[in-house]
Amino acid sequence: MPSPSDALDAPAPTPSRSRLKERLTVPVLAFGGILMALMQTVVVPLLPHLPQLTDSSAVSVSWMVTATLLAGAVLTPVLGRAGDMYGKRRVLLLALGLMTAGALVCAVTSDIRLLIAARALQGAAAAVVPLSISILRDELPAARTGSAVALMSSTVGIGAALGLPLAALIVEHADWHVMFWVTTGLGALGLALAWWAVRESPVRAPGRFDTVGAFGLATWMICLLVAVSQGGQWGWSSPAVLGLSGVAVVVAFSWCLQQLRTGNPLVDLRLAARLRVALPHLAALLTGFAFYANSLVTAQLVQAPASTGYGLGLSVFATGLCLLPAGVTMLIFSPVSARISAARGAKTTLAAGAAVIAAGYVIRIADSTHLGMIIVGATVISAGTALAYSALPTLILRAVPAAQTASANGVNVLMRTLGQASCSAAVAAVLTHHSALYGGVELPTLHGYLLAFGMAGTVALLACALALVIPRHRDAPAETGPRVEHTADVALEGA
């Protein structure tokens, strides 16, 4: 243990280097958010080829996506709470490290079991955005927080838009393992930059970690998401789906009782039940549903063969390029969202974003056969998503104590994930019901796609209406959760 004299003799950091770290904190955290979304997207172009490449079934390969979804949904609130208690930078580095380790395992193996496990490891990266938003609240002055949070929220769309064409380009011109070597290198770079530039926040929520609560959350979330994601394939009335759904309901009820009774809950349900917190969580669920239909349907629609009468027969790489303007739009609209929130309030921004998403689906319904209009419609939806996603964490930050920002934003991201999973199941059900044979191959009809757009647009309007009834922010929130302490205070008490 170093003596006080050693600490006095240690060279102080140079001011220029400290200022450089401060200036790079936001870009480094944003890079981590982009990596998170990119890691989730890059596997998509591989899915049709992986059964042959890994000598496995299509059902097994689908778990490379499902495992990431499940792990992300479970670990996001868990790691968020751990960040509030033990240090947000520490847990952020853990999430980035698990993401990078997962990419490395994928790069060195073709065993489907190891690939699925590695993709589950990468699900930990879903906690990067809520942890980063919490760090920004602790580290930045109030005048800069809004724009920085908006940028972090937009990284989800930017990474997804970049990941598809990048992965398709690599897969078309190199061995598929090269894609994972590239993402391993990017992950290592993001981890190193975060270790160097991001300092540990002194804001902590002391207490004992709720291990029972974490296990209960994992149990009912996994049962629910497996039932939702596999319902279309197994059958919604199958014993497996009904059994998993029943277990999810029973365990979720027991988990809620346990969370209300414990002194240091994983999720503060009393705080989450307040209108200023509960309504943004519900809005996140609806917005996640509305946004995800655009990503799901657009790629299928433009890749459908021309013989269908509506498809464009584009390659995966060309499809990625079509979605690229949507990702750039999210980057452009993130500062716009911050300005609207500063001038009119975050609830206005959320309502406007949801309304723009609905308008985008009106464009998609009006014309989904010409490439130009498809790109315009998808870009409008992304602009609305940027506004909505940027407003949601701002609403949460203003409604919860500083010591619970990471866990509360983790729950908000969890609700978005549930919305996306529900959207995937609903869109699959619609497209399966409205399908026809084209050249001997069963494919969705244009009417099915338009119904999916109409469904997503209606959900977006519901999110808009919900946003309008969120109570406006007046005073700073009361400290209802665990007392906020600083690391120095904790050290003194321990001494």
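Thresholds applied
- Residues numbered from 1 in each chain as written.
- Predicted model: local features only at pLDDT ≥ 70, side-chain atom pairs only at ≥ 80, totals over all residues.
- Heavy atoms only, no water.
- Helix = DSSP H or I, 4+ residues; strand = E, 2+ residues; numbered from the N terminus.
- Rg over C-alpha atoms; globule rule 2.2 N^0.38 Å.
- Contact = heavy atoms within 4.5 Å.
- Areas by Shrake-Rupley, 256 points an atom, 1.4 Å probe, with all protein chains shown as cover.
- Lys, Arg positive; Asp, Glu negative; His and termini not counted.
- Charge placed at Lys NZ, Arg CZ, Asp CG, Glu CD.
- Disulfide = S-S within 2.5 Å.
- Buried < 20%, exposed > 50% of the residue type's maximum accessible area, 1.4 Å probe, protein only.
- Core = buried A, V, L, I, M, F, W, Y, C linked by side-chain atoms within 4.5 Å.
- Axes fitted to C-alpha atoms, helices over the stretch in contact; angles between N-to-C directions.
- Left-handed = near helix turned anticlockwise from the far one by under 90°.
- Nonpolar A, V, L, I, M, F, W, Y, C, P; charged D, E, K, R; others polar.
- Pairing = 2+ DSSP bridges.
- Phe/Tyr/Trp six-rings, centres within 6.5 Å; stacked < 30°, edge-to-face > 60°.
- Lys NZ or Arg CZ within 6 Å of the ring centre and 35° of its normal.
- Polar contact = N/O pair within 3.5 Å; in protein donor to acceptor, adjacent residues only side chain to side chain.
- Salt bridge = Lys/Arg side-chain N within 4 Å of Asp/Glu carboxyl O.
- Parallel < 35°, antiparallel > 145°, perpendicular 65-115°, else oblique.

(A) Seen up close, the overall build of the protein chain. The helix and strand inventory of the protein chain stands at 19 helices and four strands. Computed over its C-alpha atoms, the radius of gyration of the protein chain comes to 22 Å, within 12% of the 23 Å expected for a compact globule of 495 residues. Projecting the C-alpha coordinates of the protein chain onto the three principal axes gives extents of approximately 80 × 50 × 45 Å. Taking contacts inside the protein chain between residues at least 6 apart in sequence as the whole, the part at least 24 apart equals 80%. For the protein chain, the computed accessible surface area is about 20600 Å², with 68% contributed by carbon and sulfur atoms. One finds the centroid of the 28 positive side-chain charges in the protein chain at a distance of 8 Å from the centroid of its 20 negative side-chain charges.

(B) Expanded view of the state of the cysteines. Summed over the entire model, instances satisfying the criterion amount to zero disulfides. In this structure Cys223 is a free cysteine whose sulfur lies 15 Å from that of Cys256, the closest cysteine sulfur available. Free cysteine: Cys322, not disulfide-bonded; nearest cysteine sulfur from Cys423 at 20 Å. Residue Cys322 is classed as buried on the basis of its relative accessible area of 12%.

(C) Structural detail: the side chain of Thr76. Structurally, Thr76 can be placed in helix 4 (residues 58-86). If we skip the residues at most four places from it in the chain, Thr76 touches Ala126, Ala127, Pro130, Gly410 and Val413.

(D) Region of interest: the nonpolar core. Formed by 41 residues in total, the largest nonpolar core has its most connected members in Leu217, Met221, Leu225 and Leu350. Going through the elements one at a time, helix 4, helix 10 (211-234), helix 11 (239-261), helix 13 (275-303), helix 15 (346-366), helix 16 (371-397), helix 17 (405-433) and helix 18 (446-468) are the ones with two or more residues in this core. With eight residues, helix 10 is the largest single contributor of residues to this core. For Leu217, the contacting residues outside a window of four places in its chain are Val74, Pro77, Val78, Trp255 and Leu266. Counting 35 residues, the second largest nonpolar core, distinct from the first, contains Met39, Ile135, Leu136 and Leu140.

(E) Quick look at the environment of Gln259. Counting through the fold element by element, Gln259 comes out in helix 11. The class of Gln259 is buried, set by a relative accessible area of 1%. Other than its neighbours up to four places away in sequence, Gln259 contacts Asp210, Gly213, Pro265, Leu266, Val267 and Leu269.

(F) Expanded view of the packing of helix 7 (residues 128-139) against helix 17. It is the contact of helix 7 with helix 17, at a shortest axis distance of 8 Å, that shows an interaxial angle of 145°. Relative to helix 17, helix 7 is oriented so that their crossing is right-handed. Where helix 7 approaches helix 17, its residues Pro130, Leu131, Ile133, Ser134 and Arg137 are matched on the opposing element by Thr405, Ala406, Asn409, Gly410 and Val413. Within the contact of helix 7 with helix 17, the residues separate by chemical class into five nonpolar, four polar and one charged.

(G) Local environment of the pairing of strand 3 (residues 441-444). Bridge count between strand 2 (residues 435-438) and strand 3: four bridges; the pairing is antiparallel. Bridge pairing in strand 3 links Ser435 to Pro444.

(H) Examining the packing of aromatic side chains more closely. Under the counting rule described, the total for this entry stands at six aromatic pairs. Ring centres of Trp176 and Phe180 lie 6.2 Å apart, and the angle between their planes is 85°; this geometry places the pair in the edge-to-face category. Of this pair, Trp176 and Phe180 both sit in helix 9 (residues 176-197), four residues apart, roughly one helical turn. Comparing Trp176 with Phe180, the two get one shared label, buried. Between Trp220 and Trp255, the aromatic rings sit 5.9 Å apart at their centres with planes inclined by 55°, giving tilted as the arrangement. Residue Trp220 is located in helix 10, and its partner Trp255 is located in helix 11; the two are separated by 35 residues in the primary sequence. A network of ring pairs unites the aromatic residues Tyr310, Tyr438 and Tyr449 as a single cluster. Taking NZ or CZ as reference, Arg416 lies 4.0 Å from the ring centre of Tyr389, over its face.

(I) Summary view of the side chain of Thr54. Mapped onto the elements, Thr54 comes out in helix 3 (residues 50-54). Looking at Thr54, its side chain comes within polar contact range of the main-chain oxygen of Leu50, at 2.6 Å.

(J) Main features of the pattern of salt bridges. All told, the structure shown has three salt bridges when counted by the stated rule. A salt bridge links Asp111 to Arg113, with the shortest nitrogen-to-oxygen separation between them at 3.0 Å. Its relative accessible area of 25% is what places Asp111 among the partly exposed residues.

(K) Looking closely at the environment of Pro265. Along the chain, Pro265 falls in the loop between helix 11 and helix 12 (269-272). Overall, the relative accessible area of 16% leaves Pro265 in the buried class. Beyond its immediate sequence surroundings of up to four residues, Pro265 is in contact with Arg81, Asp210 and Gln259.

(L) Seen up close, the packing of helix 13 against helix 17. Taken N-terminus to C-terminus, the directions of helix 13 and helix 17 make an angle of 45°; their axes are 7 Å apart at the nearest point. Of the possible angle classes, the one that applies to helix 13 and helix 17 is oblique. Relative to helix 17, the crossing made by helix 13 is right-handed. For the contact of helix 13 with helix 17, the class distribution of residues is 17 nonpolar, eight polar and one charged.

All quantities given are derived from atomic positions and should not be read as evidence of function.
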